[in-house]
Amino acid sequence: MIPPSPASVPEASLPTADRSLFHIISPKQFSRPLLDELCELTTAARTLAKSRHGARALQMLLADKRAMLYFSQPSTRTFLSFNNACHILGIRTSEIRNASTSSEVKGETVEDSIRTFSSYVDVIIMRSWEQGLAERAAEHMNSIPRPVPIVNAGSGKDHHPTQALLDIYTLDRSFSDRGGIDGKTIGLMGDLLRGRTARSLAYLMKNYSDVRLVFIAPSGFEMQDDIKSHLDEHKVEWYDTDQLEEVLPDLDAVYVTRIQTEWDDPDSPVQVDYSKFQIGLEQVKSMRSDAAIMHPLPRGPELHPAVDADPRAMYWRQERNGMWMRVAALLKTFGVDDQFRSIYQDHNIG
Amino acid sequence: MIPPSPASVPEASLPTADRSLFHIISPKQFSRPLLDELCELTTAARTLAKSRHGARALQMLLADKRAMLYFSQPSTRTFLSFNNACHILGIRTSEIRNASTSSEVKGETVEDSIRTFSSYVDVIIMRSWEQGLAERAAEHMNSIPRPVPIVNAGSGKDHHPTQALLDIYTLDRSFSDRGGIDGKTIGLMGDLLRGRTARSLAYLMKNYSDVRLVFIAPSGFEMQDDIKSHLDEHKVEWYDTDQLEEVLPDLDAVYVTRIQTEWDDPDSPVQVDYSKFQIGLEQVKSMRSDAAIMHPLPRGPELHPAVDADPRAMYWRQERNGMWMRVAALLKTFGVDDQFRSIYQDHNIG
Amino acid sequence: MIPPSPASVPEASLPTADRSLFHIISPKQFSRPLLDELCELTTAARTLAKSRHGARALQMLLADKRAMLYFSQPSTRTFLSFNNACHILGIRTSEIRNASTSSEVKGETVEDSIRTFSSYVDVIIMRSWEQGLAERAAEHMNSIPRPVPIVNAGSGKDHHPTQALLDIYTLDRSFSDRGGIDGKTIGLMGDLLRGRTARSLAYLMKNYSDVRLVFIAPSGFEMQDDIKSHLDEHKVEWYDTDQLEEVLPDLDAVYVTRIQTEWDDPDSPVQVDYSKFQIGLEQVKSMRSDAAIMHPLPRGPELHPAVDADPRAMYWRQERNGMWMRVAALLKTFGVDDQFRSIYQDHNIG
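Residues numbered from 1 in each chain as written. Chains lettered and ligands numbered in written order. Predicted model: local features only at pLDDT ≥ 70, side-chain atom pairs only at ≥ 80, totals over all residues. Heavy atoms only, no water.

Focus: the relation of the copies chain A and chain C
- The operation relating chain A to chain C is a screw motion whose rotation component is 120°, with 0.0 Å of axial translation and a residual RMSD of 0.0 Å. Expressed as an axis order, the relation between the two copies is that of a three-fold axis. Closest approach to the rotation axis within chain A is made by the C-alpha atom of R92 of chain A, at a distance of 5.3 Å.
- Here only 7% of the interface residues in chain A have copies in chain C that are interface residues too; the copies meet through unlike faces. (Least-squares fit on C-alpha atoms with pLDDT ≥ 70 in both. Contact = heavy atoms within 4.5 Å.)

Written as structure tokens, this is what we have:
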């Protein structure tokens with residue numbers, strides 16, 4: 001059985017996509033200048049942290065701040081990435097990692113829970129099964145006297161904005177001596193119907209010139225029409241295919257994704273032949289020598305561990321980039337990016 | 001079916017209720033001078049933290065201390081409030097938030113578990129389903145060579161002393177330009193039989209002059225006789241009623257509480273018409289213009305969200321006060337209140 | 001039914017047992033000079049932390065480091081001991097305390113999970129039900145470009161190296177005015193078949209001269225042959241007995257252990273008369289006046305709480321020593337032991 005498609009997220013009442021950030025809810029907030037700035041901050045933060053002195057300076061930046069990680073949808077990777085991004089900046093963290101530890105058992109509304117968290121901390125990083133919940137939380141914050149920023153760490157099947165940011169950063173770095181993302185051909189492969197990382201990444205491509213997207217998916221798991229319309233509107237070229245071998249030699253990057261079985265109806269799990277949508281040593285042979293192989297991880301059979309040793313494998317780097325991109329996003333959210341830049345420059349001069 | 005009433009807690013072998021604190025177990029420990037001092041410390045800590053410099057100074061006060069949050073009874077709010085109070089003071093925290101993560105599965109006694117925690121940390125903040133457990137833990141600490149303070153974050157149906165402290169603080173602030181709590185008429189509404197917050201707050205009223213308490217509860221959920229006898233002994237006036245509308249116009253504050261269904265026998269849940277014990281916009285109209293509406297949260301249908309926007313709604317402030325009152329309590333428990341005062345004065349002068 | 005015996009761990013491809021440490025996987029890594037050095041560091045760290053100034057200096061040592069505590073086998077005591085050891089050194093911690101919070105639900109391999117953790121943190125402290133898993137993790141780390149150290153906090157029924165270290169330290173301190181561990185007679189009592197602490201401690205005895213080991217166990221729970229062969233090879237004397245009363249007066253130390261029922265087949269739990277393998281006030285009477293009574297805790301009926309007040313009871317001290325020994329081990333793993341020593345000397349001179 002083919003799973004139902006997610007409804008598209010309604011346009012949020014979010015701050016204009018200029019170069020400031022308070023809530024981080026949707027890829028819709030990111031303009032090209034902001035994306036470029038976040039990439040610059042990410043690289044600077046990584047570089048600064050390499051020296052002990054720099055790492056200490058980073059840790060002092062937000063040392064008096066406190067964060068809440070509210071993960072009612074469990075996620076090891078995203079949780080750890082955010083938690084350690086906070087620690088890098090000196091932010092103290094509190095956590096809820098499943099709904100059962102929470103007041104939800106006492107029947108509290110999400111609005112009341114979020115407002116409660118905002119009583120104690122300076123930022124709420126949240127992930128949930130429910131689509132649109134982060135946006136609802138941000139709207140509630142905007143209605144109370146003492147709002148704190150909401151960072152969406154994934155809500156429902158739709159967007160996962162910080163994942164999209166780290167993917168952008170990894171693409172940008174992979175093509176750093178080839179003019180960046182502009183002009184590249186990028187394949188997105190796997191469960192494009194439900195994989196929110198692929199959706200968010202495709203969405204952001206409007207910010208780059210002459211990008212071609214190739215959607216490589218089994219029948220029934222194609223990229224949804226809302227994203228395709230959006231790309232059409234912004235004149236981003238895209239193609240659908242289920243023939244991986246045919247398109248692989250032309251790709252500058254292939255973004256491999258996992259089948260999202262956790263969204264399946266448990267009574268009628270999806271039955272699809274996924275064997276044609278896998279990257280192994282054989283497939284890598286046909287790729288460009290300067291191509292980038294990416295994956296949001298965790299992986300299943302769609303990406304063979306033997307590929308890890310290939311210099312084109314970028315996914316482990318991509319994972320680590322995630323932590324540093326989240327550091328950059330938090331710098332913006334707390335408005336300390338300029339303070340960070342002056343520390344960074346002092347360290348490079350000193 | 002009417003649930004059984006909790007037995008009253010036996011008089012603890014606690015330190016005399018002077019102005020020092022080690023363990024924080026029961027409202028019985030709090031004299032008027034100590035309550036006034038804790039209110040003063042709470043306001044000072046909140047004020048100091050408003051400047052970045054002040055927040056950093058607070059974080060250095062107990063930066064070499066470690067706390068254990070042992071919450072075998074889950075509670076998001078109280079957990080977060082204590083955890084962040086620790087973080088404000090620089091205390092590092094470790095946590096157990098349900099019994100299943102703990103050695104209890106290996107059959108260890110509570111005494112051994114508590115002594116184990118005391119091997120690793122400098123304070124144990126604990127919450128449990130079992131009445132008197134915090135007191136037992138404190139007594140065990142008093143019998144070993146290297147005791148650490150026990151802070152009761154709620155044990156069983158009885159007392160919840162730091163909640164009572166934050167309620168006192170919120171009342172005191174709400175009446176700050178009307179002479180404080182002395183002489184006020186305070187209504188306590190809801191499940192007074194099992195709501196430990198209402199019990200603890202009523203208990204503490206003996207420390208204030210000319211207070212009148214109005215217990216507003218459905219039949220079968222009235223305030224228990226142990227508290228009433230205690231109030232009689234200390235000449236605190238009290239009344240029972242089930243007619244909210246009648247008494248509402250006379251109240252300086254109404255303290256609304258939730259029905260504590262988690263204590264119900266699951267095989268025979270309580271069947272009560274609670275509709276007459278709810279505060280909504282209609283009820284608020286009949287209240288004094290300077291009245292305070294309080295609630296320990298989380299709330300159910302007894303307090304309508306539309307009331308949030310009314311200036312008399314104090315419950316969100318009350319919740320946030322909880323974190324700062326816990327900061328104050330920890331300052332006393334660690335005996336750094338004088339050191340804190342001198343930092344506070346330096347900041348105000350500088 | 002007698003439980004199956006654990007297979008012995010294969011010789012690890014570990015760094016030679018000199019005085020450096022990266023991964024901490026097995027007691028096989030510890031030579032006498034390294035053991036002596038770790039004991040020296042443990043005492044120095046405990047001493048330094050007694051002054052506030054010293055505690056702060058310790059906290060600065062690794063303040064820019066981050067640790068992952070990956071405990072797929074729950075353990076309150078070992079978790080808290082490591083978590084607080086990290087906090088003493090200023091290390092920020094992230095945790096997984098049961099498998100259900102983790103990506104394992106998404107079918108990720110352990111190798112991928114460990115590599116993910118290594119993307120975010122500087123050390124991975126892990127505990128699992130699966131024998132050899134820490135070793136596998138260390139081997140995987142050795143194969144990737146950016147390895148972080150793995151610290152084994154217990155894997156399967158086999159070794160638990162930091163527990164063995166703290167036991168060595170406690171024995172060494174208990175005999176500090178009697179020439180240390182050399183020449184002593186040490187009884188190991190209880191479930192020696194499955195108790196990994198007893199196995200690891202016995203293993204390490206080869207590093208001391210003229211030690212005699214007495215294995216006191218019910219039939220079917222004797223120390224396994226792999227350990228006995230190892231002792232024979234290194235000329236460490238050992239005896240088997242099931243007569244506690246007979247041997248007790250001769251012991252310099254008795255190391256009591258718990259029956260490890262959590263390894264039982266739930267359908268056929270072990271049925272053994274354990275009443276002859278218990279230490280109470282009666283048994284203590286027959287012991288040497290300078291003997292040491294040890295236990296890895298948590299305890300069951302094999303060690304009566306009345307013994308706690310006896311000056312020979314070392315187990316609570318042993319538990320606390322565990323945290324400090326883990327501080328020492330982390331100093332070595334991060335290679336800051338020399339830096340620590342110079343801080344320690346400055347404090348003692350100043």
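Side note on the pattern of salt bridges
- Within the structure shown, the criterion is met by 78 salt bridges over all chains.
- A salt bridge links R341 of chain A to E37 of chain A; the shortest N-O distance between them is 2.7 Å. Of the two residues, R341 of chain A sits in helix α12 (residues 337–349) while E37 of chain A sits in helix α1 (residues 32–48), which places them 304 residues apart along the sequence.
- Look at R341 of chain A and you get buried, because its relative accessible area is 15%.
- Residue K285 of chain B pairs with E282 of chain B through a salt bridge whose shortest N-O separation is 3.4 Å. Here K285 of chain B and its partner E282 of chain B are both found in helix α10 (residues 281–285), 3 residues apart, which amounts to about one turn of the helix. Taken individually, K285 of chain B and E282 of chain B each receive the classification exposed, so the pair is uniform in this respect.
- One connected set of salt bridges, linked through shared partners, spans E37, E40, K332, D337, D338 and R341 of chain A. (Salt bridge = Lys/Arg side-chain N within 4 Å of Asp/Glu carboxyl O. Helix = DSSP H or I, 4+ residues; strand = E, 2+ residues; numbered from the N terminus. Buried < 20%, exposed > 50% of the residue type's maximum accessible area, 1.4 Å probe, protein only.)

Describing the interface of chain A and chain C
- Facing the 28 residues of chain A at the interface are 27 residues of chain C.
- By the criterion of area lost to chain C, the three top residues of chain A are T76, W316 and R320 of chain A, representing 21% of everything that side buries.
- Here chain A and chain C share 4 salt bridges between them.
- Of the charged contacts in the structure, one is a salt bridge between D308 of chain A and R115 of chain C, with a shortest N-O distance of 4.0 Å.
- Summed over the shared surface of chain A and chain C, the number is 14 residue pairs in polar contact (both at pLDDT 80 or more).
- Looking at the side of chain A that touches chain C, the elements with two or more residues in it are α2 (52–61), α3 (76–88), β2 (92–96) and α11 (315–333) of chain A.
- Here the side of chain A that touches chain C takes 8 residues from α3 of chain A, the largest share from any one element. (Buried area = accessible area lost by both parts, 1.4 Å probe. Polar contact = N/O pair within 3.5 Å; in protein donor to acceptor, adjacent residues only side chain to side chain.)

Looking at helix α6 (residues 161–174) of chain B
Residues and elements named next belong to chain B.
- Over its 14 residues, α6 runs 20 Å from end to end, which matches the ideal 20 Å to within 8%, given 1.5 Å per residue.
- Among the 14 residues that make up α6, 12 are buried, leaving the element largely enclosed by the rest of the structure.
- Listed in full, the buried residues belonging to α6 are P161, T162, Q163, A164, L165, L166, D167, I168, Y169, T170, L171 and S174. (Expected span 1.5 Å × (residues − 1).)

As for the relation of the copies chain B and chain A
- Between the two copies, chain B and chain A, the superposition gives an RMSD of 0.0 Å; the rotation angle is 120° and the shift along the axis is 0.0 Å.
- An overlap of only 7% is found between the interface residues of chain B and their copies at the interface of chain A, pointing to separate contact surfaces.

Describing the layout of surface pockets
- In this structure, the largest pocket encloses a volume near 830 Å³.
- As for the largest pocket, its lining consists of 31 residues, and the residues nearest its centre are R320 and W324 of chain A together with S118, S119 and R146 of chain C.
- Secondary-structure elements contributing two or more residues to the lining of the largest pocket are α2, α3 and α11 of chain A together with α4 (110–120) of chain C.
- Element by element, the count of residues in the lining of the largest pocket is highest for α11 of chain A, at 5 residues.
- Grouping the amino acids of the lining of the largest pocket by side-chain chemistry returns 12 nonpolar, 6 polar and 13 charged. (1 Å grid on protein atoms, 1.4 Å probe; cavity = no way out; pocket = protein on both sides within 12 Å on 5 of 7 lines; lining within 4 Å. Points joined across faces, edges and corners; volume = space filled by probe spheres on them. Nonpolar A, V, L, I, M, F, W, Y, C, P; charged D, E, K, R; others polar.)

Brief notes about the interface of chain B and chain A
- In this assembly, 28 residues from chain B lie in contact with 27 residues from chain A.
- Across the chain B to chain A interface the summed buried area is about 2600 Å²; carbon plus sulfur atoms make up 46%.
- Linking chain B with chain A are 4 salt bridges, by the criterion used here.
- The interface formed by chain B and chain A holds 14 residue pairs in polar contact (both at pLDDT 80 or more) in total.
- Looking at the side of chain B that touches chain A element by element, the count peaks at 8 residues for helix α3 (residues 76–88) of chain B.
- Of the residues contributing to the side of chain B that touches chain A, the split by class is 8 nonpolar, 7 polar and 13 charged.

Brief notes about the pairing of strand β1 (residues 66–71) of chain C
Residues and elements named next belong to chain C.
- Burial within β1 is extensive, with 6 of its 6 residues counted as buried.
- Pairing of β1 with strand β2 (residues 92–96), which is carried by 5 bridges, proceeds in the parallel orientation. Opposite A67, over in β2, you have T93 as the bridge partner.
- For the crossover that starts at β1, traverses helix α3 (residues 76–88) and ends in the parallel β2, the hand is right-handed.
- As judged from the 5 bridges shared by β1 and strand β3 (residues 123–128), these two strands associate in the parallel manner. Note that in β3 the partner of L69 across the bridge is I125. (Pairing = 2+ DSSP bridges. Right-handed = clockwise from strand over helix to strand, strands pointing away.)

Observations regarding the side chain of S94 of chain C
- Tracing the chain through its elements places S94 of chain C in strand β2.
- For S94 of chain C, the side chain forms a polar contact with the side chain of N84 of chain A, separated by 3.4 Å.
- Among residues more than four places away in sequence, those in contact with S94 of chain C are L80, N83, N84 and H87 of chain A together with A67, M68 and L69 of chain C.

Considerations on helix α5 (residues 133–142) of chain C
- Counting buried residues in α5 of chain C gives 7 out of 10 residues, a clear majority hidden from the surface.
- Within α5 of chain C the residues assigned to the buried category are L133, A134, E135, A137, A138, H140 and M141 of chain C.

Observations concerning the packing of aromatic side chains
- One pass over the structure, following the stated rule, counts 18 aromatic pairs over all chains.
- Considering the side-chain rings of F215 of chain B and W238 of chain B, the 6.1 Å spacing of their centres and the 35° angle between planes classify their relative orientation as tilted. A residue pair is termed long-range when its members are at least 10 positions apart, and F215 of chain B in strand β6 (residues 212–216) and W238 of chain B in strand β7 (residues 237–241) qualify at 23 residues.
- Accessibility expressed as a relative area gives 26% for W238 of chain B, which makes it partly exposed.
- Between F340 of chain C and Y344 of chain C the ring centres are 6.1 Å apart and the planes differ by 20°, which places this aromatic pair in the stacked class. On the criterion of helical spacing, the pair formed by F340 of chain C and Y344 of chain C is a turn pair, its members being 4 residues apart in helix α12 (residues 337–349).
- The buried category is assigned to F340 of chain C, whose relative accessible area is 1%.
- Sitting over the face of the ring of F175 of chain B, K184 of chain B holds its NZ or CZ atom 5.4 Å from the ring centroid.
- One cation-aromatic arrangement involves R326 of chain C over F82 of chain C; the distance from NZ or CZ to the ring centre is 4.7 Å. (Phe/Tyr/Trp six-rings, centres within 6.5 Å; stacked < 30°, edge-to-face > 60°. Lys NZ or Arg CZ within 6 Å of the ring centre and 35° of its normal.)

Some details on unusual backbone geometry
- At the junction of L297 of chain A and P298 of chain A, the peptide bond is cis and its omega measures out at 0° in the coordinates.
- Positionally, P298 of chain A belongs in the loop between β9 (292–294) and α11.
- Even without being a glycine, L297 of chain B presents a positive backbone phi close to 55°.
- As for its position among the elements, L297 of chain B is in the loop between β9 (292–294) and α11 (315–333).
- Take L297 of chain B: its relative accessible area is 8%, and that puts it in the buried class.

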